[in-house]
Amino acid sequence: DQQVKQNSPSLSVQEGRISILNCDYTNSMFDYFLWYKKYPAEGPTFLISISSIKDKNEDGRFTVFLNKSAKHLSLHIVPSQPGDSAVYFCAAIAISNFGNEKLTFGTGTRLTIIP
Amino acid sequence: ETGVTQTPRHLVMGMTNKKSLKCEQHLGHNAMYWYKQSAKKPLELMFVYNFKEQTENNSVPSRFSPECPNSSHLFLHLHTLQPEDSALYLCASSPDPVTDRVNSPLHFGNGTRLTVT
């Protein structure tokens, strides 16, 4: 059973608009969340993260929001740029679950920015 | 330059072949990982090495055999694979398997695209 779900396999957004990528999780032990970005023929690269003690983390054009009660997080990119076209992976880990820490990934969402 | 280099980038092998994937990291990290990415599936953790010692084997079939001669190099030896093993195999590294992951996430290589015929 997938513990981290990205239910939208793809998303297209006009350049300059806001891109919102969603991620849901089922494991209430997860206490740290990350977003990775992957271009074709390259490995994933770390983008932004958030701890469960926060509900928002911002880094330039990228903001991650966490709703613990809904077990939902989202990545907002504004304004969207053509270089943002990539596959975005949501990942989660239970840092406090000593001895059983494992980074769990979602299936990814392919974001296409339309010029 | 990602700091994590994987070779080869592409590999086609028959089911009776023996081949090896290589990973090298120049980041001074102590932990190295093998991940498998199949189409429409999440990244799956296969193996974790910490200071050259295997600390996790995520129920991977024995036809995949990892080797970590030192903290900078990681191999994945392949033998008698099946067509369903065709996937992108990603190597990653981090300073420490867990405690530093919060402050320094995984650094991935560009992967080896494996096709088993």
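Keep in mind that this is a model prediction, so the values were computed, not measured.

So, how was this worked out
- Throughout this document, residue positions are counted from 1 along each chain, in the order its sequence is written.
- Whichever chain is written first is A, and whichever ligand is written first is 1; the rest continue in order.
- At least 70 in pLDDT is required for a residue's local features to be given in this predicted model, at least 80 for side-chain atom pairs to be given and counted, and no such filter applies to totals for whole chains, interfaces and linings, which use all residues.
- The side-chain values count all of the structure's non-hydrogen atoms but skip hydrogen atoms and water molecules.
- Runs of H or I in DSSP of at least four residues are treated as helices and runs of E of at least two as strands, each being numbered from the N terminus.
- Just to be clear, the radius of gyration here is over C-alpha atoms, and the globule rule we use is 2.2 Å times residues to the power 0.38.
- Note on exposure labels: buried denotes an accessible area under 20% of the residue type's maximum, exposed denotes more than 50%, and partly exposed covers the range between, all computed with a 1.4 Å probe on protein chains only.
- The contact criterion used is simple: two residues touch if any of their non-hydrogen atoms lie within 4.5 Å.
- The charge count includes Lys and Arg as positive and Asp and Glu as negative, but it does not include His or the ends of the chains.
- Where a charge lies is defined by one atom per residue type: Lys uses NZ, Arg uses CZ, Asp uses CG and Glu uses CD.
- Any two strands with at least two DSSP-identified bridges between them are counted as paired.
- Using a grid of 1 Å spacing that covers the protein atoms alone, one calls a set of points a cavity when a 1.4 Å probe fits there but cannot get out, and a pocket when the set is open and has protein on both sides within 12 Å along at least five of seven lines; lining residues are those with an atom within 4 Å of a point.
- Grid points are joined across faces, edges and corners, and a volume is the space filled by probe spheres set on the points.
- Polarity classes work like this: nonpolar for Ala, Val, Leu, Ile, Met, Phe, Trp, Tyr, Cys and Pro, charged for Asp, Glu, Lys and Arg, and polar for all others, with Gly in that last group.
- Cysteine sulfur atoms are paired as a disulfide whenever they come within 2.5 Å of each other.
- By nonpolar core we mean a set of buried residues, namely Ala, Val, Leu, Ile, Met, Phe, Trp, Tyr and Cys, connected to one another through side-chain atoms within 4.5 Å.

Attention now moves to the overall build of chain A. Regarding its fold elements, chain A presents zero helices and eleven strands. Counting helices and strands in the order they occur from the N terminus, chain A gives β-β-β-β-β-β-β-β-β-β-β. In terms of overall size, chain A behaves like a compact globule, its C-alpha atoms giving a radius of gyration of 14 Å where 115 residues would be expected to give roughly 13 Å. By its C-alpha atoms, chain A is 45 × 30 × 20 Å across when sized along the principal axes. Residues classed as buried in chain A amount to 45% of the 115 residues present. Expressed as a percentage of contacts within chain A between residues at least 6 apart in sequence, the contacts between residues at least 24 apart total 55%. For chain A, the distance from the average position of its 11 positive side-chain charges to the average position of its 10 negative side-chain charges is 3 Å.

Residues and elements named next belong to chain B. A one-sided burial pattern is seen for strand β8 (residues 73-79), the buried positions being Leu74, Leu76 and Leu78 and the unburied ones His73, Phe75, His77 and His79. One ladder, built from seven bridges, connects strand β3 (residues 18-25) with β8; its direction is antiparallel. Residue pairing in the sheet places Cys23 in a bridge with Leu74 of β8. Bridge analysis of strand β7 (residues 64-70) against β8 gives five bridges, and the strand direction is antiparallel. Within β8, the position partnered with Ser65 by the bridge is His77. The loop that links β7 with its antiparallel partner β8 comprises two residues.

This next bit is on the layout of surface pockets. Its boundaries defined by the atoms lining it, the largest pocket holds a volume of some 500 Å³. If you go around the largest pocket, you meet 20 residues; those closest to its centre are Val87, Thr107 and Arg110 of chain A together with Gln37 and Lys40 of chain B. Residue assignment for the lining of the largest pocket shows that the elements contributing at least two residues are β9 (86-93) and β11 (109-114) of chain A together with β9 (87-94) of chain B. Its residues assigned to classes, the lining of the largest pocket shows eight nonpolar, seven polar and five charged.

Attention now moves to the state of the cysteines. Residues and elements named next belong to chain A. Under the criterion given, the structure shown has two disulfides over all chains. What pairs with Cys23 in a disulfide is Cys90, and their sulfur atoms sit 2.1 Å apart. Every disulfide takes its handedness from the sign of the S-S torsion; for Cys23 and Cys90 that torsion is -75°, giving left-handed. Of the two residues, Cys23 is situated in strand β3 (residues 19-25) and Cys90 in strand β9; the sequence distance between them amounts to 67 residues.

All names here are of chain A. Ranked by size, the top nonpolar core spans 24 residues in total, and within it Phe33, Trp35, Leu73, Leu75 and Tyr88 carry the most contacts. Among the elements that take part in this core, β9 stands out by supplying four residues, more than any other. Non-local contacts of Tyr88, meaning those with residues more than four positions away in its chain, are made with Gln6, Leu21, Trp35, Tyr36, Lys37, Leu47, Leu75, Ile77, Gly108, Thr109 and Leu111.

Another aspect to go through is unusual backbone geometry. Note: most residues except glycine have negative phi, and most peptide bonds are trans. The omega torsion across Val78 of chain A and Pro79 of chain A is -10°, close enough to zero to call that bond cis. Counting through the fold element by element, Pro79 of chain A comes out in the loop between β8 (72-77) and β9. Not every positive phi belongs to a glycine, and Lys52 of chain B is a case in point at roughly 75°. Under the relative-accessibility criterion, Lys52 of chain B is labelled partly exposed at 41%. In this structure, Ser59 of chain B is a non-glycine residue whose phi angle is positive, near 55°.

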